Protein chains: 2
Amino acid sequence: MTSERFTEVRGHPLFKNISDGSFEALARGAYVQNFPPHTELISEGEAADFLHIVLSGSVELFCSWESRETTMATVWPVSAFILAATIRDRPYLMSGRTLGKTRIMLVPSQDVRAVFESDSEFAKAIVAELANFYRASIKNTKNLKLRTSKERLANYLIKCSRREENCLVFELQYEKRRLASYLGMTPENLSRSFNALKPFGVQVDGQKVRLEDLEKLIAFAKPTDLIDGYE
Amino acid sequence: MTSERFTEVRGHPLFKNISDGSFEALARGAYVQNFPPHTELISEGEAADFLHIVLSGSVELFCSWESRETTMATVWPVSAFILAATIRDRPYLMSGRTLGKTRIMLVPSQDVRAVFESDSEFAKAIVAELANFYRASIKNTKNLKLRTSKERLANYLIKCSRREENCLVFELQYEKRRLASYLGMTPENLSRSFNALKPFGVQVDGQKVRLEDLEKLIAFAKPTDLIDGYE
DNA sequence: CGTCCTTTTGAACATTGTCAAACACTGTGG
DNA sequence: CCACAGTGTTTGACAATGTTCAAAAGGACG
């Protein structure tokens, strides 16, 4: 039974409500591959031949232009990426590389498009997923255009804390240089921004972060669901 | 015959392939309204009660946070906006105001969601639309994070020229203060950026722009479809 | 002709980026 | 176990970029 091969992804919002037949059709041409750290999986400009789904590890999505580079997002399990390029049969707009050792499920784009045409439950799930992606991207733009780098960092830290039930001590999920790039600044500037947040109770030691006065930090950062909400 | 009321939008990608019955269902509760210039149609945070479609005039989408404001996009006829909020039944992430005198078609969100559930052609059209919006937003983020303000302006001008069959003389479509905000800078900085582009053949007089050396400007701006493409 | 608004210009300032060096951390190989 | 290279982080001095404030110039419109 083919559909039992990919139980890990069956519960993902994209596949939860589709028929067994549709899932079979997707699973038939799909395969799972293991990648070592720092492997470039896709490059911007390439044809979108496969829908990628991260099963374990993580993938950094980044973009380049004229020898500059910026981190756009990090994808954690279990999530799909480059869905829009796949469904529209357009070239990737972002490149992707593994951070740690990473397991990826690859589904041929033509199969995704075929099932999209035939299974309206799948089409609906794709609409929900794309709408969420779009709204996340709009929030990101607001964050970039309306806030200074210090404010972006403060709100990022609050978001980390919220994600772990408002825990006041946590580890940064990835290197500071990547975090800096994600937040739209240089590593040097990130380092200085951390220092500038000390008066608001932000303590950093390596990857460990302690928020000693969340109230004060929130008063400074002024987070709002319209920018910082998970949806 | 209800469906003959809204012939202007029948050819829009969202509605082109849907059944007459579906179009009727959308048209039944829909209405068209005229708005004077500078009228706020929607405010971020509000419930998305209607899908908006610009029939004539134009609408500025903008966002605010802590007394700062930024222009996110301008919507021209015939285009829908805030589709993602409508379909997901979430609050608006952006506010919208008319620029000139503007005619808007308003379709109740619940009708949009109902037809989305019943008509798979409509669902497919929505997928295409959302995917395009998402990719446009990613391109916008790349533009903001990878380029300086001068480079953003140069590429914007090239895009204007391209839109009019590479015409070297054209008018800016809206005020410079809005353009500045859209490009992520202050009006003062925009003014200086225009001056800084003079060596590349950029001549500005009021709203009129002349590109006297497109080759040179392109050599400076280095446009790419992966950021500047219309799709 | 004035009034209001936008745009431009200038100067001071703030923020962010660049470059170079020091430092810390990690893992390797002797 | 230590020396060492390689990488990432922090710091300082400086440069570039972008913002703010104030004022002048230009346009639109009654």
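Just above sits the structure.
Now for a look at the structure at hand.

The rules behind these values
- Residues numbered from 1 in each chain as written.
- Chains lettered and ligands numbered in written order.
- Predicted model: local features only at pLDDT ≥ 70, side-chain atom pairs only at ≥ 80, totals over all residues.
- Heavy atoms only, no water.
- Helix = DSSP H or I, 4+ residues; strand = E, 2+ residues; numbered from the N terminus.
- Rg over C-alpha atoms; globule rule 2.2 N^0.38 Å.
- Buried < 20%, exposed > 50% of the residue type's maximum accessible area, 1.4 Å probe, protein only.
- Contact = heavy atoms within 4.5 Å.
- Areas by Shrake-Rupley, 256 points an atom, 1.4 Å probe, with all protein chains shown as cover.
- Salt bridge = Lys/Arg side-chain N within 4 Å of Asp/Glu carboxyl O.
- Least-squares fit on C-alpha atoms with pLDDT ≥ 70 in both.
- Pairing = 2+ DSSP bridges.
- Axes fitted to C-alpha atoms, helices over the stretch in contact; angles between N-to-C directions.
- Arc of directions from axis to C-beta.
- Near = heavy atom within 4 Å.
- Polar contact = N/O pair within 3.5 Å; in protein donor to acceptor, adjacent residues only side chain to side chain.
- Nonpolar A, V, L, I, M, F, W, Y, C, P; charged D, E, K, R; others polar.
- Buried area = accessible area lost by both parts, 1.4 Å probe.

**A short note on the overall build of chain A**
Each helix and strand in chain A was counted, giving 10 helices and 11 strands. Since a compact globule built from 231 residues should have a radius of gyration of about 17 Å, the 19 Å found for chain A is in line with a globular shape. Seen through its principal axes, chain A has C-alpha atoms that stretch 60 × 35 × 30 Å. When burial is assessed residue by residue, chain A has 53% of its 231 residues classed as buried. In chain A, once contacts between residues fewer than 6 apart in sequence are set aside, the share between residues at least 24 apart is 72%. On chain A, roughly 10000 Å² of surface is accessible, and the fraction owed to carbon and sulfur atoms is 49%.

**Topic: the pattern of salt bridges**
Residue and element names in this part refer to chain A. By the definition in use, this model includes 26 salt bridges over all chains. Between Arg113 and Asp89 there is a salt bridge whose closest N-O contact spans 3.6 Å. One end of the pair, Arg113, is in helix 4 (residues 109-118); the other, Asp89, is in the loop between helix 3 (83-88) and strand 7 (95-98), with 24 residues separating them in the sequence. Arg113 sits in the partly exposed class, given a relative accessible area of 21%. Here Arg210 makes a salt bridge to Glu212, at a shortest N to O gap of 3.0 Å. Since its relative accessible area comes to 45%, Arg210 is described here as partly exposed. A relative accessible area of 45% places Glu212 in the partly exposed class. Each of Glu60, Glu69, Arg97, Glu175 and Arg178 takes part in a single network of salt bridges with overlapping partners.

**Details of the relation of the copies chain B and chain A**
Of the transformation superimposing chain B on chain A, the axial component is 0.0 Å and the angular component is 180 degrees, with the fit at an RMSD of 0.0 Å. The relationship between the two copies is best expressed as a two-fold rotation axis. Residues of chain B ranked by C-alpha distance from the rotation axis are headed by B:Tyr134, positioned 2.3 Å from it.

**Brief notes about the pairing of strand 7 of chain A**
Residues and elements named next belong to chain A. Side chains of strand 7 alternate between two faces, with Ser95 and Arg97 and Gly96 and Thr98 buried alike. Bridge count for strand 4 (residues 59-65) against strand 7 is 4 bridges, and the pairing is antiparallel. Bridged to Phe62 within strand 7 is Ser95.

**Some details on the environment of A:Glu24**
Within the fold, A:Glu24 resides in helix 2 (residues 20-28). Each C-alpha atom, one on A:Glu24 and one on A:Leu51, is 16 Å from the other, the two residues being 27 residues apart in sequence.

**Here's the deal with the environment of A:Arg177**
Considering the arrangement of structural elements, one finds A:Arg177 in helix 7 (residues 176-182). Once the C-alpha coordinates of A:Arg177 and A:Pro187 are considered, the two residues, 10 residues apart in sequence, prove to be 5.0 Å apart.

**Focus on the sheet that holds strand 1 (residues 31-35) of chain B**
All names here are of chain B. Ordered by their spatial adjacency, 4 strands build an open sheet running 1-8-3-6, and the pairing between neighbours is antiparallel. The sheet terminates laterally at strand 1 and strand 6 (79-81), the two strands that pair on one side only. When strand polarity is set aside, the average angle formed by the axes of neighbouring strands in this sheet is 30 degrees. Across 5 bridges, strand 1 lies against strand 8 (residues 102-108) in antiparallel orientation. Residue pairing across strands places Tyr31 opposite Leu106, the latter belonging to strand 8. Taken strand by strand, helix 4 (residues 109-118) contacts strand 3 (50-56) and strand 8, and its axis lies near 60 degrees from that of strand 8.

**Remarks on helix 4 of chain B**
Side chains of residues three or four places apart in an α-helix project in the same direction, reflecting 3.6 residues per turn. Looking at helix 4 of chain B, one finds that the buried residues are B:Ser109, B:Asp111, B:Val112, B:Val115 and B:Phe116. Each buried residue of helix 4 of chain B lies within a common arc of 160 degrees when the element is viewed along its axis, so the set occupies one face. Helix 4 of chain B presents B:Gln110 and B:Ser118 as exposed residues on the side facing more than 90 degrees away from its buried surface. Looking at the buried positions of helix 4 of chain B, the neighbouring elements they touch are helix 5 (120-146) of chain A together with helix 2 (20-28), strand 3, helix 3 (83-88), strand 8 and helix 5 (120-146) of chain B.

**Comments concerning the protein's contact with DNA strand C**
Near DNA strand C lie 15 residues; those nearest to it are A:Ser149, A:Asn189, B:Lys176, B:Arg192 and B:Asn195. Counting only atoms of DNA strand C within 4 Å of the protein, the fraction found in sugar and phosphate groups is 65%. A distance of 3.3 Å separates a sugar or linking oxygen of DNA strand C from a polar side-chain atom of B:Ser191. At 2.5 Å from a base nitrogen of DNA strand C is found a side-chain nitrogen or oxygen belonging to B:Arg192. Looking at the surface near DNA strand C, the elements that each hand over two or more residues are helix 8 (187-196) of chain A together with helix 7 (176-182) and helix 8 (187-196) of chain B. For the surface near DNA strand C, the leading source of residues is helix 8 of chain B, giving 4 residues. Within the surface near DNA strand C, the residues separate by chemical class into 1 nonpolar, 7 polar and 7 charged.

**Quick look at the protein's contact with DNA strand D**
As a structural note, the neighbourhood of DNA strand D is formed by 14 residues, with A:Lys176, A:Arg177, A:Arg192, A:Asn195 and B:Ser149 the closest of them. When atoms of DNA strand D within 4 Å of the protein are sorted by moiety, sugar and phosphate together comprise 61%. The separation between a base nitrogen of DNA strand D and a polar side-chain atom of A:Arg192 is 2.5 Å. In this structure, B:Asn189 approaches DNA strand D through a side-chain N or O atom, which is 3.2 Å from a phosphate oxygen. It is helix 8 of chain A that contributes the most residues to the surface near DNA strand D, 4 residues altogether. Its residues placed into classes, the surface near DNA strand D shows 1 nonpolar, 6 polar and 7 charged.

**With respect to the interface of chain B and chain A**
With 55 residues of chain B in contact, the opposing surface of chain A contributes 55 residues. Both sides together, the interface formed by chain B and chain A hides about 4800 Å², and carbon and sulfur atoms give 69% of it. Its largest share of buried area at the contact with chain A, chain B owes to B:Trp65, B:Leu93 and B:Lys145, together 16% of the area lost on that side. Between chain B and chain A we count 6 salt bridges in total.

Don't take any of this as a statement about function, it's just geometry.
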